[in-house]
Amino acid sequence: MRNRHIPQRSCVICGVKTSKRELVRIVMTPERECVVDDTGKRSGRGAYLCRRPGCWDAALKGGRLAAALRGRIEQGDRERLAAFAEGIRADAETAGTTA
């Protein structure tokens, strides 16, 4: 049997390289809206973040995510991403792994 190809992507903050499905895709849509892409197929410029709360904190505070998306992240978008990050933080605390 032939091994199936598994797409690899890197977190824009820490650089960890893993399968595309293990990372969270953030998209800057053509309408200049920054959203979490649950499907992995949404139209627009994409960037990936791992599920470590520290990476989400750095992404929301600094400009590296905006640079990767080649656009400006508006305050409303930043608040939605922060709410998503809180869910990730809660999941990490439940699992007992905080970073």
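These numbers come from a predicted model, not from an experiment. (Residues numbered from 1 in each chain as written. Predicted model: local features only at pLDDT ≥ 70, side-chain atom pairs only at ≥ 80, totals over all residues. Heavy atoms only, no water.)

Caption draft 1: Local environment of the nonpolar core. Ranked by size, the top nonpolar core spans 24 residues in total, and within it I26, W56, L65, L69 and L81 carry the most contacts. If you list the elements that add at least two residues to this core, you get β3 (24-28), β4 (34-37), β5 (45-49), α1 (53-61), α2 (64-69) and α3 (75-95). Filtering out sequence-adjacent residues up to four positions away, L65 remains in contact with V12, I26, A47, A59, I73 and L81. (Core = buried A, V, L, I, M, F, W, Y, C linked by side-chain atoms within 4.5 Å. Buried < 20%, exposed > 50% of the residue type's maximum accessible area, 1.4 Å probe, protein only. Helix = DSSP H or I, 4+ residues; strand = E, 2+ residues; numbered from the N terminus. Contact = heavy atoms within 4.5 Å.)

Caption draft 2: Layout of the state of the cysteines. Tallied over the full model, the rule gives 0 disulfides. Lacking any disulfide linkage, C14 is separated from the closest cysteine sulfur, that of C55, by 3.7 Å. (Disulfide = S-S within 2.5 Å.)

Caption draft 3: Highlighting the layout of surface pockets. Roughly 380 Å³ of internal volume is contained in the largest pocket. Along the wall of the largest pocket there are 18 residues; nearest its centre are K20, R21, D38, T39 and G40. Those elements that place two or more of their residues in the lining of the largest pocket are β3 and β4. Classifying every residue of the lining of the largest pocket by side-chain character gives 7 nonpolar, 3 polar and 8 charged. (1 Å grid on protein atoms, 1.4 Å probe; cavity = no way out; pocket = protein on both sides within 12 Å on 5 of 7 lines; lining within 4 Å. Points joined across faces, edges and corners; volume = space filled by probe spheres on them. Nonpolar A, V, L, I, M, F, W, Y, C, P; charged D, E, K, R; others polar.)

Caption draft 4: Inspection of the packing of α1 against α3 at higher detail. Remark: α1 packs on α3, axes separated minimally by 9 Å, with the N-to-C direction vectors making an angle of 165 degrees. For the element pair α1 / α3, the angle class is roughly antiparallel. As for how α1 packs across α3, the hand of that crossing is left-handed. Where α1 approaches α3, its residues P53, W56, D57, A59, L60 and K61 are matched on the opposing element by R78, L81, A82, F84, A85, I88, R89 and A92. In terms of residue class, the contact of α1 with α3 is built from 10 nonpolar, no polar and 4 charged. (Axes fitted to C-alpha atoms, helices over the stretch in contact; angles between N-to-C directions. Parallel < 35°, antiparallel > 145°, perpendicular 65-115°, else oblique. Left-handed = near helix turned anticlockwise from the far one by under 90°.)

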